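Descriptive analysis of the structure
So you can see what is in the structure, the chains are spelled out below.
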Amino acid sequence: IPISLTDKYSVSQSIYYPSDLQYAQGDIEKLVYKVYRGTSGQSDIPVKIYLHETDATSITDKWLPVDEAQLVFDGTFDFSQGTRDVGFDLTEPFTYNGGNLVVTFIKTNAPNGSYSDRFHSIDTPVADRTSVGSAYSEVTIGNLASVSASKSSQMPSTRFIMTAKNMGSLSGVVSDEATGQPLA
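Reference entry: report on the structure contained in this document.

Rules used throughout
- Residues numbered from 1 in each chain as written.
- Predicted model: local features only at pLDDT ≥ 70, side-chain atom pairs only at ≥ 80, totals over all residues.
- Heavy atoms only, no water.
- Pairing = 2+ DSSP bridges.
- Helix = DSSP H or I, 4+ residues; strand = E, 2+ residues; numbered from the N terminus.
- Buried < 20%, exposed > 50% of the residue type's maximum accessible area, 1.4 Å probe, protein only.
- Polar contact = N/O pair within 3.5 Å; in protein donor to acceptor, adjacent residues only side chain to side chain.
- Contact = heavy atoms within 4.5 Å.
- Salt bridge = Lys/Arg side-chain N within 4 Å of Asp/Glu carboxyl O.

Quick look at the pairing of strand S7 (residues 130–135)
Bridge analysis of strand S1 (residues 9–16) against S7 gives six bridges, and the strand direction is antiparallel. Of the residues in S7, the one forming a bridge with Ser12 is Val132. Both S7 and strand S8 (residues 150–152) contribute to a ladder of three bridges, which runs antiparallel. If you follow Thr130 over to S8, its bridge partner there is Ser152.

Encoded structure:
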């Protein structure tokens, strides 16, 4: 999760609750995933990432509707050996208003990895927060409904980098009481 690195075409859809984003609101500028590649070599994996908000709290059918999904990334990422973070700079920021956030992640066609290659994931108590599928033919946002899917309580280990809005701020200088000098 979010994609199968052993299948040519794959897709996932995950719901992140406001608590997963620390109840922040604002412009999401980047998604960061932790990955592990056990084999040597490097691959440029082509992916598309879509974001939208929903009232749904779980994925009850195969996939949630994607009518309002916004394409936020269309490119490749470098999948090299080792454990590391992979960041996806969004084409343009996605305005997140504090609802349940849906991330649809599509691997559009790629060299395959090995079974030891993976994205890190976390377990959740909710069984239907992620839907995953793979296909022998191209997966697009338009044909998503035709792709078979299985549910998972696992979620991709994801960090959302955003410029928060409607948050308080604090500024000033912390100084040594005895000398009045600013602390480093």
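Comments concerning the side chain of Thr124
Its place among the elements puts Thr124 in the loop between strand S6 (121–123) and S7. Since its relative accessible area comes to 13%, Thr124 is described here as buried. Only 2.7 Å separates the side chain of Thr124 from the backbone oxygen of Ser153, close enough to count as a polar contact. Each residue touching Thr124, except ones within four places of it in the same chain, is listed here: Arg129, Ser153 and Met155.

Considerations on the pattern of salt bridges
As a working rule, side chains carrying opposite charge can pair if their charged atoms are close by. All told, the structure shown has six salt bridges when counted by the stated rule. A salt bridge links Arg129 to Asp20; the nearest nitrogen and oxygen atoms lie 2.3 Å apart. With Arg129 in the loop between S6 and S7 and Asp20 in the loop between S1 and strand S2 (25–54), this pair connects stretches of sequence that are 109 residues apart. What makes Arg129 buried here is its relative accessible area of 6%. According to the relative accessible area criterion, Asp20 is partly exposed, its value standing at 35%. Two residues, Lys34 and Asp85, come together in a salt bridge whose shortest N-O distance is 3.0 Å. With a gap of 51 residues between them, Lys34 in strand S2 and Asp85 in strand S3 (residues 70–96) connect regions that are remote in the sequence.

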